[in-house]
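Fold and geometry: a report
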Amino acid sequence: MLAHLQEVLGSAIINAHDRLGELTLELRRTDLIRSCQSLRDDPRFHFEQLIDLCGVDYLDYQRESPMGARGGPRYAVVYHLLSLKHNRRLRLRVFMDDDMPIVASVIEIWRSADWYEREAFDLYGIVFEGHPDLRRILTDYGFIGHPFRKDFPLIGHVEMRYDPEKGRVIYQPVSIESRVLVPRVIRDEGFARG
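Residues numbered from 1 in each chain as written. Predicted model: local features only at pLDDT ≥ 70, side-chain atom pairs only at ≥ 80, totals over all residues. Heavy atoms only, no water.

**Let's talk about the nonpolar core**
Selection rule: Within this scheme, the nonpolar core is defined by two criteria: the residues are buried Ala, Val, Leu, Ile, Met, Phe, Trp, Tyr or Cys, and they are joined through side-chain atoms within 4.5 Å. With a 1.4 Å probe rolled over the protein chains alone, any residue whose accessible area is under 20% of its type maximum counts as buried; one over 50% counts as exposed, and the rest are partly exposed. Note on conventions: DSSP H or I runs of at least 4 residues are helices, E runs of at least 2 residues are strands, and numbering of each starts at the N terminus. Residue contacts follow a heavy-atom distance rule, with two residues in contact if any of their heavy atoms lie within 4.5 Å.
L5, L39, Y79, L90, L92, V103 and V106 are the most contacted members of the largest nonpolar core, which has 32 residues in total. Mapped by element, the contributors of at least two residues to this core are α1 (2-9), β2 (22-27), α2 (32-41), β3 (49-57), β4 (75-83), β5 (88-96) and α4 (113-124). When near neighbours in sequence (up to four residues on either side) are disregarded, V106 contacts L32, I33, C36, L50, L53, Y79, A113 and E117. Counting residues in each nonpolar core, the second largest holds 5 residues, with V56, Y58, A76 and F95 among its members.

Below is the structure:
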């Protein structure tokens, strides 16, 4: 299948690798729509179903690690495709610029991309150009930031609650004292070490 993919998609493929029987293609962002249309319409592939789409933040992989720094762009979108006709799966990955992660929407190719793209927008801040209704889906409309980004703060200084007098949600300073939760081991008195 990889030979046919390289023949049809050509220079759109930056990298291809097969791990554990799962083929992953890394595509150029500018060739995404053309490539997806070919994957759906070409009878050799017939990937008629988008089963998942998710955002990825590679921030920690850019830093030095025992295996070395990854380098390259920080954000990616991963698409999981299924061909029922040929009983095949394919994973596509597209990287985006760090400053403003933007990629074309595939909603005109696979309608199932609608809520997946909204979720990636809400949680990672990835903008899908051409999406007809790109708005938050999991967080509050007034929420600031994108909670799945690896540099998102884990503790906050404001909380929100519904104020019945004002008839709306309001933000106020956190009313509970912040604390660090450390697990504590409690053993029975008769516990014998082995």
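There is more to say after this.
**Quick notes on the packing of aromatic side chains**
Rules: Side-chain rings of Phe, Tyr and Trp, where Trp is taken by its six-membered ring, are said to pair if the distance between their centres is within 6.5 Å; with planes under 30 degrees apart they count as stacked, over 60 as edge-to-face, and otherwise as tilted.
In this structure the tally under the stated criterion is 2 aromatic pairs. Seen in terms of ring centroids, Y58 and F95 are 5.6 Å apart; in terms of plane orientation they differ by 45 degrees. Their pairing is tilted. Residue Y58 is found in the loop between β3 and α3 (59-62), and its partner F95 is found in strand β5; the two are separated by 37 residues along the sequence. Classification of Y58 as buried rests on a relative accessible area of 12%. Ring centres of Y124 and F148 lie 5.8 Å apart, and the angle between their planes is 80 degrees; on these two criteria the pair is classed as edge-to-face. Pair noted here: Y124 is in helix α4 and F148 is in the loop between β7 (127-129) and β8 (158-163), with a separation of 24 residues, a long-range link.

**A short note on the pairing of β2**
Our working rule: A pair of strands is labelled paired if DSSP reports no fewer than 2 bridges between them.
Burial analysis of β2 places 5 of its 6 residues in the buried class, which makes it a mostly covered element. The pairing of strand β1 (residues 13-19) with β2 spans 6 bridges and is classified as antiparallel. Among the inter-strand pairings, A16 is bridged to a residue of β2, identified as L25. A loop of 2 residues connects β1 with β2, the two strands running antiparallel in sequence, and L20 in this loop sits at a positive phi of about 55 degrees. Judged from the 4 bridges that link them, β2 and β5 form a sheet pairing that is parallel. Within the sheet, the bridge partner assigned to L27 lies in β5 and is V94.

**Observations regarding the pattern of salt bridges**
Here is the rule: For salt bridges, the criterion is a side-chain nitrogen of Lys or Arg within 4 Å of an Asp or Glu carboxyl oxygen.
Per the stated rule, a full pass over the model turns up 10 salt bridges. Across the salt bridge formed by E7 and R44, the nearest N and O atoms sit 3.3 Å from each other. Note that E7 is positioned in helix α1 and R44 in the loop between α2 and β3, a separation of 37 residues in sequence. Judged by relative accessible area, R44 falls into the partly exposed class, the value being 32%. In this structure, R74 engages D57 in a salt bridge whose closest nitrogen and oxygen atoms are separated by 2.8 Å. Of this pair, R74 sits in the loop between α3 and β4 while D57 sits in strand β3; the two residues are 17 residues apart in sequence, bridging distant segments of the chain. Taken individually, R74 and D57 each receive the classification buried, so the pair is uniform in this respect. Each of E7, D42 and R44 takes part in one network of salt bridges that share partners.

**Concerning a nonpolar patch on the surface**
Where we set the bar: Residues form patches when they are more than 30% accessible in relative terms and have no salt bridge. Like charges link within 9 Å. Nonpolar side chains (Val, Leu, Ile, Met, Phe, Trp, Tyr) link within 5 Å. Surface exposure here means Shrake-Rupley accessible area, sampled with a 1.4 Å probe, where a residue is shielded only by the protein chains that are shown.
Taken together, V158, M160, Y162, V169 and Y171 make up a surface patch of nonpolar side chains, about 500 Å² in accessible area. Listed by contribution, the elements that provide at least two residues to the nonpolar patch are β8 and β9 (168-173). Top contributing element to the nonpolar patch by residue count: β8, with 3 residues. If you trace the backbone, M160 turns up in strand β8.

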